[in-house]
Structure formats: C-alpha cells, structure tokens
Amino acid sequence: MKIVVVGAGAVGAYFGARLEQVGEDVTFLVREKRASQLSRQGLIITSVEGNYAIKEPKVVTSPNDIDEVDLVLFGVKGYHLENSIAQLKTLVNKGAKILPLLNGMEHISILQEKLGQEAVLGGLCFIISTLNSDGDVVHSSSFHDLRLGPLHPSQKEICNKFAESAHNANMNVVVSDDVVLEMWNKYMFITAFSGITTATNLAIGEIRRNPATLEIANKVLIEMQQLANAYDIPLTSKHVGKAMSNLASLADEATSSMHQDRRKGGQLEVEHIHGGALRLAKQKGLTLPYTDAIYGIIKPFENAKQ
Ligand SMILES: NC(=O)C1=CN([C@@H]2O[C@H](COP(=O)(O)OP(=O)(O)OC[C@H]3O[C@@H](n4cnc5c(N)ncnc54)[C@H](OP(=O)(O)O)[C@@H]3O)[C@@H](O)[C@H]2O)C=CC1
Ligand SMILES: CC(C)(CO)C(=O)C(=O)O
C-alpha cells in the first residue's frame, strides 16, 4: 500500500514509522523545517513498545512530488486543518482516501465538504506520544491503537486493506463497525481529559487525589454525552462510566496531548476540541456550562509561549 503521512508529528510520525517498519511504502509530506530535521537526523521513535529509527525517511514538501498514493494518514492539529486542505485535495485527485486521526468531530464535516464524502474515512487513535525538542517521537503509553471505519459504503475495501497491511506492525489496528460512535466516544473522553489536565496544568494522578476536581471531568463527560445524543449518537451513562474508569486506571503521570503542549508552551487545540463542542451545542440549542468554563480557563494559554 502506498501511504502518505500528512502531519508527521507525535501521532502521524509514530504510526507512519510503525508501518514503514514492516515494509509499507510510507512517505512523509512535511513542511520545510520538519523536512530538514528529518533529513538531517532521520525519524526516531523512542517507545515503551520498542524503539525504532528510520535513517533516511522518504520526505517530500509538496504533494506534487507524490506520484501514487492509496491512503493518507492525516495527523495535523485542529488549528492546522485549513492550511492542509489544498495538499489533501491534490492527493485525493491522485486517488487517495484520507484517514484523519485528529481528536474532535468538526474536522470530519469540513473535510467531507472540501474533499467529497467518498474521500474521507472515519478514524481515531489511542496513544500518548509527543515530539521532544529534537523532533523525535516519544511514545510513553503501552497502548498505540488506531481505529478506522467507513463513512461511505465505498470505503469498506480500503479499510480492510489498510488493516491487512498493518497486521504485523507494532501497533494495533481495528476496523470499527461503528466508527462514528467510537469517534464521539473518544471526543467525549478527550474533552474531559484534555480539559481538566490542561486547565489545572496537572497530570491525572493529582486530579484524582482531589475528588472535587475529578468531578468536573465527570460533569464534562455528561455534557458531551448529552451533546452526542442531540446528534443522535447513542452514547449512554455506561459510556460515561467507562470513561471515568479509564481516568481511574491511567498511570498517575499520564496526561493529555493538549496538556503536554501547554507544558511545552506550544499552541493548544482548545478551539478545535472545546470550542468545537460549544459550536455544535449552539446549533442544537444546548448549553455546556462546565465545558464552557474549561474553555474559558484554557483560552488564555492557546497561543502563548509560557
Ligand atoms: N499526541 C497524542 O498523544 C495524541 C494526539 N491526538 C490527536 O492527533 C492530532 C495530532 O496531534 P499530534 O501528533 O500530537 O500533533 P503534533 O503537533 O505533534 O503534530 C502535528 C504535525 O502536523 C504538521 N503539520 C501542520 N500543518 C501541516 C501541513 N500543512 N503539512 C504538513 N504537515 C503539517 C506539523 O508540522 P510543523 O512542524 O511543520 O508545524 C506537526 O509536525 C491532534 O488532533 C491530537 O489531538 C490523538 C491521540 C493522541
Ligand atoms: C487521551 C489520549 C492520550 C488518548 O489517545 C489522547 O487522545 C490525547 O491526549 O490527545
């Protein structure tokens, strides 16, 4: 399979490298700075599941340099969605299907509108990874799961083909029967998890030691469940309970990618994740007071180097 990674950051570079490791044809479509970094030092993965390095990754800076592509692993942050559309369009015109791994939901309808319903698969991932100051991927969770599924009947074959290709890779790939439900379930979880860790600037262990703080995460989960229901997505109190058990079982030092970005003084995806939930709620005449409060607390740190 010919795979192109657009967004060779913590998620895209990790899964791209794992696929390359088992012989898949993986090209990284990156911007200039990342291109020189990858060409200079290679792509290095430091992982609790096994380190790996690609000495000379296939790197290009323009989609015009790519002749053939079956699938794009799309892993930019929500705030880089708009600036990636032109590249994706070129790749779709060359036959690519897009597998987005972003957290959130708003990007799906934006991508479908710009690229066509048939081009955009459903996708999500579970991993804790970040780029260190050298641009190496540091993967610190024992999980590294990628889920995908068709959003259009024509996409079943490519989903299965991708899962087959990734079968031997050092990662878990599952084709989901209901990828939309899974994406909403993840969206519910991440809105609470990234919200509470980033707003408090604390990893989950410290939050769990303060029941009143943990309860805010619970309230956000309940609001997100109600939001999903307003969009006819059947998330239930069982899903909320499972999300709370996940928060209970994470290692003390575990934290969200948004909080990792706050620690690094990087740009935050708060507008895409929390802002997106508030916009979706407004369209249905719902209010999400806890999510709104979390959004307001995080917002000053959105662009700050601090
Ligand atoms: N990290 C994690 O643990 C997890 C993250 N996620 C989600 O995955 C998504 C990606 O997150 P993450 O990997 O952490 O983000 P990163 O910031 O690590 O990586 C995003 C990459 O996208 C690149 N990029 C942005 N615009 C373009 C473009 N137009 N063309 C090519 N490359 C581009 C950036 O490159 P440049 O250097 O040029 O800016 C950057 O390297 C987010 O939605 C996040 O919420 C989901 C699960 C876990
Ligand atoms: C919750 C987690 C770690 C799971 O993949 C995640 O998606 C993130 O922090 O962005």
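What counts and how
Residues numbered from 1 in each chain as written. Chains lettered and ligands numbered in written order. Predicted model: local features only at pLDDT ≥ 70, side-chain atom pairs only at ≥ 80, totals over all residues. Heavy atoms only, no water. UniProt positions renumbered as here; feature names shortened; annotations may be inferred. Helix = DSSP H or I, 4+ residues; strand = E, 2+ residues; numbered from the N terminus. Expected span 1.5 Å × (residues − 1). Buried < 20%, exposed > 50% of the residue type's maximum accessible area, 1.4 Å probe, protein only. Contact = heavy atoms within 4.5 Å. Pairing = 2+ DSSP bridges. Near = heavy atom within 4 Å. Polar contact = N/O pair within 3.5 Å; in protein donor to acceptor, adjacent residues only side chain to side chain. Areas by Shrake-Rupley, 256 points an atom, 1.4 Å probe, with all protein chains shown as cover. Nonpolar A, V, L, I, M, F, W, Y, C, P; charged D, E, K, R; others polar. Domains from an automatic or database assignment. Salt bridge = Lys/Arg side-chain N within 4 Å of Asp/Glu carboxyl O. Buried area = accessible area lost by both parts, 1.4 Å probe.

The name given to the protein in an unreviewed UniProt entry is 2-dehydropantoate 2-reductase, with Aquibacillus salsiterrae as the source organism. Entered under Pathway (unreviewed entry) in the UniProt record, the comment concerning the protein runs "Cofactor biosynthesis; (R)-pantothenate biosynthesis; (R)-pantoate from 3-methyl-2-oxobutanoate: step 2/2."

Looking at this structure, how should I read helix H3 (residues 81-93)?
Residue pairs spaced three or four apart in an α-helix point in one direction, given the helix's 3.6 residues per turn. The terminal C-alpha atoms of H3, which comprises 13 residues, lie 18 Å apart, in line with the 18 Å expected from a rise of 1.5 Å per residue. Listing the buried residues of H3 in full gives Leu81, Ser84, Ile85, Gln87, Leu88, Leu91 and Val92. Tucked inside the fold, the buried residues of H3 contact strand S1 (2-6), strand S2 (25-29), strand S6 (71-74), strand S7 (97-100) and helix H4 (106-115). Positive backbone phi, at 105°, marks Gly95, one or two positions downstream of H3.

Hey, could you run me through the pairing of strand S3 (residues 43-47) in this one?
Within a regular beta strand, the side chains point alternately toward one face of the sheet and then the other, so they alternate between its two faces. Of the two faces of S3, only one is covered, namely that formed by Leu43, Ile45 and Ser47; the face formed by Ile44 and Thr46 stays uncovered. Following S3, the chain reverses through 4 residues before pairing antiparallel with strand S4 (residues 52-54); Gly50 in that reversal takes a positive phi of roughly 120°. Relative to strand S9 (residues 137-149), S3 is paired through 3 bridges, and the arrangement is parallel. In the strand pairing of S9, Ile45 is matched with Val137.

Whenever I open this one, the site of ligand 2 confuses me. Can you help?
Taken together, Asn103, Cys125, Phe126, Ile127, Ile128, Lys186, Phe189, Ile190, Phe193, Ser256 and Ser257 are the residues near ligand 2. Asn103 has a polar side-chain atom sitting 2.9 Å from an oxygen atom of ligand 2. For ligand 2, an oxygen atom lies 2.9 Å from a polar atom in the backbone of Ile127. With the chains in place, 93% of the 280 Å² that ligand 2 exposes on its own is no longer accessible. Mapped by element, the contributors of at least two residues to the shell around ligand 2 are strand S8 (122-131) and helix H6 (179-200). When the residues that make up the shell around ligand 2 are grouped by side-chain class, the tally is 7 nonpolar, 3 polar and 1 charged. Lining the shell around ligand 2 are residues from two domains, each supplying at least three of them: domain 1 (2-176) and domain 2 (181-301).

What's the story with unusual backbone geometry in this structure? I'm lost.
Negative phi values dominate among residues other than glycine, just as trans dominates among peptide bonds. Look at Asn201: it is not a glycine, yet its phi comes out positive at around 60°. Along the chain, the position of Asn201 falls in the loop between H6 and helix H7 (204-208). Positive phi, close to 65°, is recorded for Asp232, a residue that is not glycine. With respect to the element layout, Asp232 can be found in the loop between helix H8 (211-230) and helix H9 (237-249).

Help me understand the pattern of salt bridges in this model?
When charged atoms on two side chains of opposite charge get close, those side chains can pair. The tally for this structure, following the rule as stated, stands at 12 salt bridges. With its nearest N and O atoms 2.9 Å apart, the salt bridge here joins Lys2 to Asp25. Here Asp25 lies in strand S2 and Lys2 lies in strand S1, a separation of 23 residues in the sequence. On the accessibility criterion, Asp25 (25% relative accessible area) is partly exposed. Via salt bridges that share partners, Glu106, Glu271, Arg279, Lys299 and Glu302 belong to a single interconnected network.

Sorry, what's going on with the site of ligand 1 here?
In the vicinity of ligand 1, 24 residues are found, and the nearest of them are Val11, Arg31, Asn103, Ser129 and Glu269. Side-chain polar atom of Asn103 to an oxygen atom of ligand 1: 2.8 Å apart, as the coordinates give it. Look at ligand 1: alone it shows 900 Å² of surface, and the protein chains cover 88% of it. Mapped onto the shell around ligand 1, the elements with two or more residues apiece are H3 and S8. Here the element with the most residues in the shell around ligand 1 is S8; it accounts for 4 residues. Three or more residues apiece are contributed to the shell around ligand 1 by two domains, here domain 1 (2-176) and domain 2 (181-301).

Could you clarify how one ought to interpret the domain arrangement of the protein in this entry?
By a widely used convention, the size of an interface equals the accessible area lost when the partners come together. One can read the domain layout of the protein as domain 1 (2-176) and domain 2 (181-301). A separation of 24 Å is found between the C-alpha centroids of domain 1 and domain 2. When the buried surface of domain 1 facing domain 2 is broken down by residue, Asn103, Met105 and Glu106 rank first, second and third, together holding 34% of it. Summed over the shared surface of domain 1 and domain 2, the number is 3 salt bridges. A salt bridge links Glu106 to Arg279; the nearest nitrogen and oxygen atoms lie 2.8 Å apart. Summed over the shared surface of domain 1 and domain 2, the number is 11 residue pairs in polar contact (both at pLDDT 80 or more).

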